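Descriptive structure summary
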Amino acid sequence: SDAVLKGVSLFAFRLFAQYEKNVSSQMKLFELDGKPVADIALPTLGTVTSSGGHFDRKEAFFDFSSFTVPPSVYQVDLSSGHSQLWDKVDAPGIDPAAFEVKQVWYASKDGTRIPMFVFHKKGIALDGKQPALLTGYGGFNVSNTPDFRANRFVWLEHGGVFAVANLRGGGEFGEDWHLAGNLTHKQHVFDDLIACAEHLIQRNYTRPDKLAVMGSSNGGLLMGAFLTQRPDLARVVVSRVGIYDMLRVELDPNGAFNTTEFGSVKDADQFQALYAYSPYHHAVDGTKYPAVFFLAGEKDGRVNPANSRKMTARLQAATGSGFPILLRLSGDSGHGMGTALNERIAQDADVFAFLFDQLAVKP
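Described below are features of the structure shown in this document. Computed from a predicted model, the values in this text were never measured in an experiment. (Residues numbered from 1 in each chain as written. Predicted model: local features only at pLDDT ≥ 70, side-chain atom pairs only at ≥ 80, totals over all residues. Heavy atoms only, no water.)

This paragraph deals with the sheet that holds strand 11 (residues 132-135). Spatially, eight strands are ordered 9-10-12-11-13-14-15-16 in an open sheet, and the strand pairing comes out mixed. Of all strands in the sheet, those bounded by a partner on one side alone are strand 9 (99-107) and strand 16 (325-330). Going across the sheet, the axis of each strand differs from the next one's by a mean of 20 degrees, ignoring polarity. Pairing geometry for strand 9 and strand 10 (residues 113-121), over nine bridges, is antiparallel. Residue pairing across strands places Lys102 opposite Val118, the latter belonging to strand 10. Helix-sheet contacts for helix 7 (residues 306-318) involve strand 15 (291-297) and strand 16, and the interaxial angle to strand 16 is about 160 degrees. (Pairing = 2+ DSSP bridges. Helix = DSSP H or I, 4+ residues; strand = E, 2+ residues; numbered from the N terminus. Axes fitted to C-alpha atoms, helices over the stretch in contact; angles between N-to-C directions. Contact = heavy atoms within 4.5 Å.)

Pasting the structure below:
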């Protein structure tokens, strides 16, 4: 089919297949000889994260979530493919029905069609005056599918627009999509995000002085490339645990593992590509950079936090805008995984305080 097959399980002597099509999960049931049995209905555009069952039972279960559906477990009748809600996580204080999700498509620099989810409160005026928060990743064959994150509702309940771009380099459309943003093709990822921001502005979701962009890890590199290539396009950049000096990253203890994604300075063509977009090497003195908030963990074994210290210092010296360039270092966190709840809350509080302050959002 034209969908990406993500996995197959054997339940009740039938094949329980999970696909991803247009950045949303699909579930299908087949006989062992491949004959279709049923399409398993999902409540909305969203993501199936796991499934479980037994080969000799007539039922199976899967986990589902979306931008507006908290993590939920659905039960499937394997004889008919009928599914029904079995259990769900409560999200007190959040009314999913009050919010609207759209999937839109736009053209990148080379004409490639890129999808994006746009999420906001129903009934807000889309007149270009709303603050918007745009995020993306674009790497390592990772799909940015719809998921439920309660902290986003802090932004949405203040009238903000939230957008998730599905950039090349990810896994949304299979390995060709990944390779189109890999190694010497990495610039495609940055072009896709830039085009996404332009689309939000052209379609009156927001305007440059009300736009913030945010990313983590490989998405932090994305933020660095975005702000050095198009400093005029957004008012605020939030970048977590990112890589910014692309000529030295492979010298770090974990850096060698990234060369299959980013390339190596030992290869002439890859060196040229790395140097062409390396954020640290493209900070220009006197440029009016947006306000930037870097976050890093001193215990990060995945990305050397020196990247964030170094990039912060370079932008503080270079910027001519007068907007703040700040760095938040944490001695109690690393690359994000396993960070304690109190530290995650403290980080989110500081990020939203920075966004609200710089975009004049009244709490």
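Its boundaries defined by the atoms lining it, the largest pocket holds a volume of some 1,300 Å³. Taken together, 50 residues line the largest pocket, and the ones lying closest to its centre are Arg149, Gly215, Ser216, Arg240 and His335. Secondary-structure elements contributing two or more residues to the lining of the largest pocket are strand 5 (47-53), strand 11, strand 12 (161-165), strand 13 (211-216), strand 15, strand 16 and helix 8 (341-359). Per-element tally for the lining of the largest pocket: the top contributor is helix 8, with seven residues. Of the residues belonging to the lining of the largest pocket, the class tally is 20 nonpolar, 22 polar and eight charged. When its volume is computed, the second largest pocket comes out at roughly 170 Å³. (1 Å grid on protein atoms, 1.4 Å probe; cavity = no way out; pocket = protein on both sides within 12 Å on 5 of 7 lines; lining within 4 Å. Points joined across faces, edges and corners; volume = space filled by probe spheres on them. Nonpolar A, V, L, I, M, F, W, Y, C, P; charged D, E, K, R; others polar.)

Looking now at the packing of helix 3 (residues 187-202) against helix 4 (residues 218-229). When two helices pack together, their arrangement is given by the angle between their axes and by how far apart the axes lie. The geometry of helix 3 relative to helix 4 is characterised by a closest axis approach of 10 Å and an angle of 65 degrees between their N-to-C directions. Between helix 3 and helix 4, the angle falls in the class roughly perpendicular. Relative to helix 4, the crossing made by helix 3 is right-handed. Contact residues: helix 3 offers Gln187, Val189, Phe190, Leu193, Ile194 and Ala197, while helix 4 offers Leu221, Leu222, Met223, Ala225, Phe226 and Gln229. In terms of residue class, the contact of helix 3 with helix 4 is built from 10 nonpolar, two polar and no charged. (Parallel < 35°, antiparallel > 145°, perpendicular 65-115°, else oblique. Left-handed = near helix turned anticlockwise from the far one by under 90°.)

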